[in-house]
Amino acid sequence: MPEQSAVTVLAPLPAEHHDRAATALADLAGPDRAVPAFDRLAGLHFARLMLLDDAVSPSGTRVGPSLLYTADLDGPADAHLQALADVSGPGLDRAFSCCTDYPTRPDPASRTAWLRAHRIPEAAFYVNTVGRGVSQVRAEARLRKGLEAYLDEHRDDLVDLPPAEIHAVLRRHALTDPDLRVGVVPARRPPLWWRARELAHLLAVPAVLLPLLPVILLALPFVAVVLLIHELRDVPDRQRPDPVAVERLRAGEDHVAHNPFAAVGFLKPGPFRAALTRTVLFAISYAVRHVLNRGSLAGVTTIHFARWVYLSPERMIFLSSYDGSLESYMDDFIDKVAWGLNAIFSNGLGYPRTILLLWRGARDEEQFKNHLRTRQALSHVWWSAYEDLTALNARSNAAIRRGLARRTLSDDEARDWLALL
Amino acid sequence: MAPTRSAAPHRVDRGARGPAAPAPGPAPRSGRGVDRADVQGIVGSGYGRLPEAVFLGLRVDDGAAGRALLAGLLPLVTSMAADHGTRALNVALGHRGLARLGLPQAALDQFSLEFTGGMTTPTRSAFLGDEGEHAPSTWAWGGPTNPRVDVLLLLYAASDVELRTHTEAVRRLVPADGVEEVVTLPTATLAQRDHLGFADGISQPTVAGLHGEGADGDVALGEFLLGYPNAYGTRTGRPLLPAAADPGRLLFPAPDAGTPSVDLGRNGTYLVARTFALDVTAFWDHAHRWAARTGLPAEQVAAKMVGRWPSGTSLTISPDRDDQAHPVDNAFRYHRDGDALGLGCPIAAHARRANPRDSLDPRPGSEASVRVNDRHRLLRRGRQYDVLPCDQDAGDGTEADAGRGLHFLCVNANLSRQFEFVQHTWLNNPAFAGLQDSPDPIAGAHAPDSGVFPLPAEPVRHRLLDLPRFVRVRGGGYFFLPGVRALHYLASGPSADRRTP
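For the structure given in this document, a descriptive report is provided here. (Residues numbered from 1 in each chain as written. Chains lettered and ligands numbered in written order. Predicted model: local features only at pLDDT ≥ 70, side-chain atom pairs only at ≥ 80, totals over all residues. Heavy atoms only, no water.)

### So, the overall build of chain A
Heads up, the rule is: The numbering of helices and of strands both runs from the N terminus, where a helix is a DSSP run of H or I of at least 4 residues and a strand a run of E of at least 2. Throughout, radius of gyration means the C-alpha value; the globule benchmark is 2.2 Å times the number of residues raised to the power 0.38. Exposure is judged per residue with a 1.4 Å probe applied to protein chains only, and the accessible area is read against the type maximum: over 50% gives exposed, under 20% gives buried, and values in between give partly exposed. Note on contacts: a residue pair qualifies if any of its non-hydrogen atoms lie within 4.5 Å across the two residues. With residues, only the protein chains shown are counted as cover, and all accessible areas are computed by Shrake-Rupley using a 1.4 Å probe.
A count of helices and strands for chain A gives 14 helices and 12 strands. Taking 22 Å as the expected radius of gyration for a compact globule of 421 residues, we find that chain A reaches 24 Å, a close match to that expectation. For chain A, the spread of C-alpha atoms along the three principal axes comes to 75 × 60 × 45 Å. A buried classification covers 54% of the 421 residues belonging to chain A. Contacts in chain A between residues at least 24 apart in sequence constitute 79% of all its contacts with a sequence separation of at least 6. About 18,800 Å² of surface is accessible on chain A, with carbon and sulfur atoms providing 61% of the total.

Now the structure itself:
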């Protein structure tokens, strides 16, 4: 049972190559989908390639276009870079050859070096269920299909048995089928060293912060006043998204069970917002690492992976893979976790007005939705390892396996377990 | 705008056709309650007392003629306040129809993107599941190859004879040039049961200020009427015009605009029209086939797919038998009333996914769950039909089913969060509420014979496989259903002092 890692690679793109890169990505998303061979990269959940358009920062500096590669994967990030440079070489070359310093005669070694040189850190990385790898997700999906098919076929022979006996029959069946045998043993837990490291981090952060608590508490009222003053001066977006741009984004959405989302924006200028953003991201990073790592991001159960990345000290990108439509995603945000959204995204330019960081903001439904659509960036190339599965599906498949892996269940346990099928 | 058009409404001699529409006086500058005389009747009720109906689609080629039509229709338009005669008429307008009628571009752009783009843009068709043999290019009306419907007239009457007279009276108001009736959609006499044999239209939201008196649990008025606070306490975007564009002060002022503005959307809403041909035989064949496989009565299998018993009785309240003796219970909830697993009403059943009540996050069974659910409600106003005369593609008429179906109509203020969300995220979505491969068995879009319908049972569920598609989309469109004052405003047309600055 591997731990999950994120890879983010950012490469500046000379403005004159913008169109060439856009064409290359369009090909990789369309007729040449197979070229990057993402399906041959073991442990890869999601991958995407995007072209970020140029922009002008609030301080007036021009930011050129850039290319972005991101991956959500099992195991160490560097191993993925090496595999990518090898297996997906032709795809990488197509996407990144427009970048100035990309190797002119790329081979796996030079590509790996280039990827390492352009890798940037994630400020926070959310994993729906830490430890559940691609192979596990796929195996458990096969397991469920197999058990469902067996029940379709043999229901009449089973209904008069006690539930615990039905469980036993299904277990015996799984043992005879090589495709399902994986389900009779529990998924492996993460390695001990990894769990120890996580535990150490879980404890170390509060241990370091605890002595500072009096200072933090004393400072809080002053921070609140400064924040309120900043919020009064904020200028929320008023514009509606451009219908043509929305059509272009929609064309890339709702083809499989989940969608890619990406939003790019500048932070509100000034040291206060810069520090606040860092603080909130630190808190998010800690929370998603230790608390919100079992299928729910503060009540939202449809997000597979998400990350926040600094493109520059004043510009950020948020990326996620989520189930269902953007409308339902935004509704989930507003209805279930508006405060959390506000805490981080209200530091971005144009966000609907918040009160003391957590209130209003996303609850201003229409402004919030317009804001997200306006800041949304196209995920030109996007690849998923399990297109038909939602996060809830994967979770319920894992629960089926957990039950099957137990040698015996009581009748009550077996009844609950059978309701999963 | 050509200045000559401003004189157009006078072309219709209203006096000759009975009572003239009293031009409404200046709109009140304040006031919290709903002005029922300004809301079209279809918002308030489905005209259950008027069993006959016909829907007419008109194309407007000339703005002046279109405005003349509206002006002529105004005396006949039924508001909520006047919903008591033996006839009713409501008027809905397509986006391009509004443009034809002379509404300035700046106002047109303020409608929602869904309405502005229309039901048949390719991405929207994919989203709604209107693909393959459901694609707009195959439709009998409302598709890209059909005549454009700019004005949709909904006519209701107490009897067949009355409806004929009513229709003739309305048709006489259609100018000979510049407006053409391009679609006629007759409906079947309103009946207790739908074509499948089930009571329909049972669960409708109670709307604060329309039906309810603002009791707890009522859905916010702004969910169904523009210009009022919605479920989030804000007013949904809608066309606001500079106050100078309304010198006659026909329209209400907009309280939430930065500059003095009037509200063209107030007391209006969006009307969704969808025509579904229904293969009744295939539905019952499927029910019988799986009745034989599961050992359940066919009526029960059918009821499980629909989500209610034929009489309308809830499967959650009465899991084993239809209970015709008692009035239909609509106050139940799935989780609170012990049906979390769907042993009574399956989670995949049509009625349960069209209105999951307390089934979904956050915390199923809680009031919070119901509150989130209520941000996706529709006022359904559809009527059944026996024939679809404009359909060239309905078969040769020999099979029992040829042509039967439903003109689905619904009212909502936010097409994206209400109608489209329900169709996509609840009905079409094969992963609704954690299901797998299970689209709505009646109204869900899926490849033919590909869906699965899980029918929970203890200790082992049934699964109905190879779900056919019983419903075929045959037409549709998004319309704006203006308030009565807004209709007056549109009928009186652009004038020199009304141009947007």
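Let us keep going from here.
### Some thoughts on the side chain of B:Gln384
Residues and elements named next belong to chain B. Stated precisely, the cut-off is as follows: Polar contacts here mean pairs of N or O atoms no more than 3.5 Å apart (in protein, one a potential hydrogen donor and the other a potential acceptor; neighbouring residues in sequence count only if both atoms are side-chain atoms).
In this fold, Gln 384 is placed in strand β10 (residues 383–385). Residue class for Gln 384 comes out buried when judged on its relative accessible area of 17%. At a separation of 3.4 Å, a polar atom in the side chain of Gln 384 contacts the main-chain amide nitrogen of His 195. Discounting chain neighbours no more than four positions away, the residues touching Gln 384 are Thr 187, Ala 188, Asp 194, His 195, Asp 200, Gly 405 and Leu 406.

### Focus: the environment of B:Ala354
All names here are of chain B. With respect to the helices and strands, Ala 354 occurs in helix α10 (residues 350–354). Residue class for Ala 354 comes out partly exposed when judged on its relative accessible area of 27%. Remark: the alpha-carbon pair of Ala 354 and Asp 440, spanning 86 residues in sequence, is separated by 8.8 Å. When near neighbours in sequence (up to four residues on either side) are disregarded, Ala 354 contacts Val 422, Trp 426 and Leu 427.

### Thoughts on the packing of aromatic side chains
Here is the rule we go by: The pairing test for Phe, Tyr and Trp rings, Trp by its six-membered ring, is centres within 6.5 Å, and the orientation test on the planes gives stacked under 30 degrees, edge-to-face over 60, and tilted for anything in between.
Under the definition given, this model contains 33 aromatic pairs over all chains. Plain terms: the ring middles of B:Phe198 and B:Trp284 are 6.4 Å apart, the flat faces sit at 20° to each other, and that makes the pair stacked. Taken together, the positions of B:Phe198 in the loop between β4 (179–186) and β5 (240–242) and B:Trp284 in helix α8 (residues 280–294) put the pair 86 residues apart, joining distant regions of the chain. Residue B:Phe198 is classed as buried on the basis of its relative accessible area, which comes to 1%. The partly exposed category is assigned to B:Trp284, whose relative accessible area is 23%. With 5.3 Å between their ring centres and 80° between their planes, B:Phe332 and B:Tyr334 make a pair best called edge-to-face. B:Tyr334 carries the same exposure label as B:Phe332, and that label is buried. Each member of the aromatic cluster is reached from another via a ring pair, and the members are A:Phe261, A:Trp308, A:Phe318, A:Tyr322, A:Tyr329, A:Phe333 and A:Phe345.

### Considering the sheet that holds strand β5 (residues 66–74) of chain A
Residue and element names in this part refer to chain A. Our working definition: In this analysis, strands are considered paired if DSSP registers two or more bridges between them. The axes are straight lines fitted to the C-alpha atoms, using for helices just the contacting stretch, and the angles between their N-to-C directions are given from 0 to 180°.
Strand order in this open sheet of four strands is β1-β5-β2-β12, and the pairing throughout is antiparallel. The open sheet is flanked by β1 (4–12) and β12 (381–384), the only strands paired with a single partner. Along the sheet, successive strands turn relative to each other by an average axial angle of 10°, direction set aside. As paired elements, β1 and β5 share nine bridges and run antiparallel to each other. Looking across to β5, one finds that Thr 8 is bridged to Thr 70.

### Topic: the sheet that holds strand β6 (residues 252–253) of chain B
Residue and element names in this part refer to chain B. With antiparallel pairing, three strands are arranged side by side in an open sheet as β5-β7-β6. Sheet topology places β5 and β6 at the edges, where each strand pairs with a single neighbour. As defined by bridge partners, β6 adjoins strand β7 (residues 261–263) across two bridges and the pair is classed as antiparallel. When the bridges of β7 are listed, Phe 252 appears paired with Asp 263.

### Details of the pairing of strand β8 (residues 303–312) of chain A
Residue and element names in this part refer to chain A. Burial analysis of β8 places nine of its 10 residues in the buried class, the great majority of the element. One ladder, built from four bridges, connects strand β6 (residues 124–127) with β8; its direction is antiparallel. Each bridged residue has a counterpart across the sheet, and for Ala 124 the counterpart in β8 is Trp 308. Looking at chain direction, β8 and strand β9 (residues 315–323) are connected through eight bridges and run antiparallel. The residue bridging Ala 306 from the neighbouring strand is Ser 320, located in β9. Hairpin remark: β8 followed by β9, antiparallel, with two residues in the connecting loop.

### Some words on the packing of helix α2 (residues 77–87) of chain A against helix α3 (residues 89–96) of chain A
Residues and elements named next belong to chain A. Stated precisely, the cut-off is as follows: Each angle is binned into one of four classes, with values under 35 degrees roughly parallel, values over 145 roughly antiparallel, values of 65 to 115 roughly perpendicular, and all other values oblique. Asp, Glu, Lys and Arg are counted as charged, while Ala, Val, Leu, Ile, Met, Phe, Trp, Tyr, Cys and Pro are counted as nonpolar; the rest, among them Gly, fall into the polar class.
Running from amino to carboxyl end, α2 crosses α3 at an angle of 85°, the nearest separation of the two axes being 5 Å. By the angle between their axes, α2 is roughly perpendicular relative to α3. Where α2 abuts α3, its residues Leu 84, Ala 85, Asp 86 and Val 87 lie against Gly 89, Pro 90 and Leu 92. Grouping the constituent residues of the contact of α2 with α3 by class yields five nonpolar, one polar and one charged.

Honestly, that's just the spatial picture; any functional story needs more than this.
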